[in-house]
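An overview of the molecular structure
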Amino acid sequence: MKIHHVGIAVESLRAAVPVFEKLLGAAAGSEETVEDQKVRVAAFRVGESRLELLEATAADSPIAGFIAKRGPGIHHLTLTVPNLDDALRRLERDGMRLIDREPRRGAGNERIAFVHPSSTAGVLIELVEEK
Ligand code: ZN
């Protein structure tokens, strides 16, 4: 497994992107809206991984809910798996609570699924299938 990206909930991309540009000494890639999750994403490449800044595009976006409850900050950690269907079946068999029992489409049209933080030590885990 590899760390694919870390998702960071921000109140405003306009405010947060320059902060990470200073921090990383690099410009963000092009921004993308993921309709399914009601977020706008700006990504920074960091080695083989990336940081994704996530801004809510609607009041009922999961990111808006997260910020309302816990404030801005690290939202989820994403791991790459070779086969997402196999990974989901294995985790379910091992008693993990899945948010997505079937894969859905994430940023860049990748196949993704979320595992509930109640079964992963409080960390929301996203799985993405290796291309
Ligand atoms: Zn993500």
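To start, this report covers the structure provided alongside it. (Residues numbered from 1 in each chain as written. Predicted model: local features only at pLDDT ≥ 70, side-chain atom pairs only at ≥ 80, totals over all residues. Heavy atoms only, no water.)

**A closer look at the coordination of the zinc ion**
As a reminder, the rule being used: Excluding water, the donors of a metal are its N, O and S neighbours within 2.8 Å, or within 3.2 Å for Na, K and Ca, and that exclusion means sites may look incomplete. Secondary structure elements follow DSSP: runs of H or I no shorter than four residues count as helices, runs of E no shorter than two count as strands, and numbering proceeds from the N terminus. Three exposure classes are used, based on accessible area relative to the maximum for each residue type with a 1.4 Å probe and protein chains only: buried under 20%, partly exposed in between, and exposed over 50%.
For the zinc ion, every protein donor is listed as H5 (NE2), H76 (NE2) and E126 (OE), and the spread of their distances is 2.0 to 2.1 Å. Site description for the zinc ion: donor spacing in sequence, H-x70-H-x49-E. Of the two residues, H76 is situated in strand 5 (residues 73-81) and E126 in strand 8 (residues 125-129); the sequence distance between them amounts to 50 residues. Like H76, the residue E126 is buried in the burial classification.

**Quick word on helix 2 (residues 62-70)**
The α-helix advances 3.6 residues per turn, and as a result positions three or four apart in sequence lie on the same side. Condition: As used here, the arc belongs to the directions running from the helix axis to the C-beta atoms. Contacts: residue pairs with any heavy atoms within 4.5 Å of one another.
Taken together, the buried positions of helix 2 are occupied by I63, F66 and I67. Along the axis of helix 2, the buried positions cluster into a sector of 95°, meaning they face one direction only. Away from its buried face by more than 90 degrees, helix 2 exposes A68 and K69. Residues of helix 2 that are buried in the fold lie against strand 1 (2-10), strand 3 (39-46), strand 4 (49-56) and strand 5. Of the residues flanking the end of helix 2, it is G71, one or two places downstream, whose phi is positive at about 85°.

**Observations concerning the pattern of salt bridges**
Here is the rule we go by: Any Lys or Arg side-chain nitrogen found within 4 Å of a carboxyl oxygen on Asp or Glu counts as a salt bridge.
Scanning the entire structure with this criterion turns up twelve salt bridges. A salt bridge links E110 to R50, with the shortest nitrogen-to-oxygen separation between them at 3.9 Å. Remark: R50 occurs in strand 4 and E110 occurs in the loop between strand 6 (104-105) and strand 7 (111-115); sequence separation between them is 60 residues. Comparing E110 with R50 shows no difference in burial state: the two are buried. For R111, the salt bridge identified is with E129, shortest N-O distance 3.1 Å. Highlighted residues: R111 in strand 7 and E129 in strand 8, separated in sequence by 18 residues. By relative accessible area, R111 is classed as partly exposed at 24%. For E129, a relative accessible area of 19% corresponds to the buried category. Where salt bridges share partners, they join R50, E52, E110 and K131 into one cluster.

**Some remarks on the sheet that holds strand 4**
Stated formally: If DSSP finds at least two bridges between two strands, the strands pair. Interaxial angles span 0 to 180 degrees and are taken between N-to-C directions of axes, which are lines fitted to C-alpha atoms, for helices over the stretch in contact.
Strand order in the open sheet formed by eight strands is 2-3-4-1-5-8-7-6, with mixed pairing between adjacent strands. The sheet is open, and its two borders are formed by strand 2 (32-34) and strand 6, each paired with just one other strand. Where strand 7 meets strand 8, four bridges bridge the pair, whose relative direction is antiparallel. Looking across to strand 8, one finds that V115 is bridged to I125. Packed on one face of the sheet, helix 1 (residues 13-24) meets strand 1, strand 3 and strand 4 and runs near 5° to strand 3.

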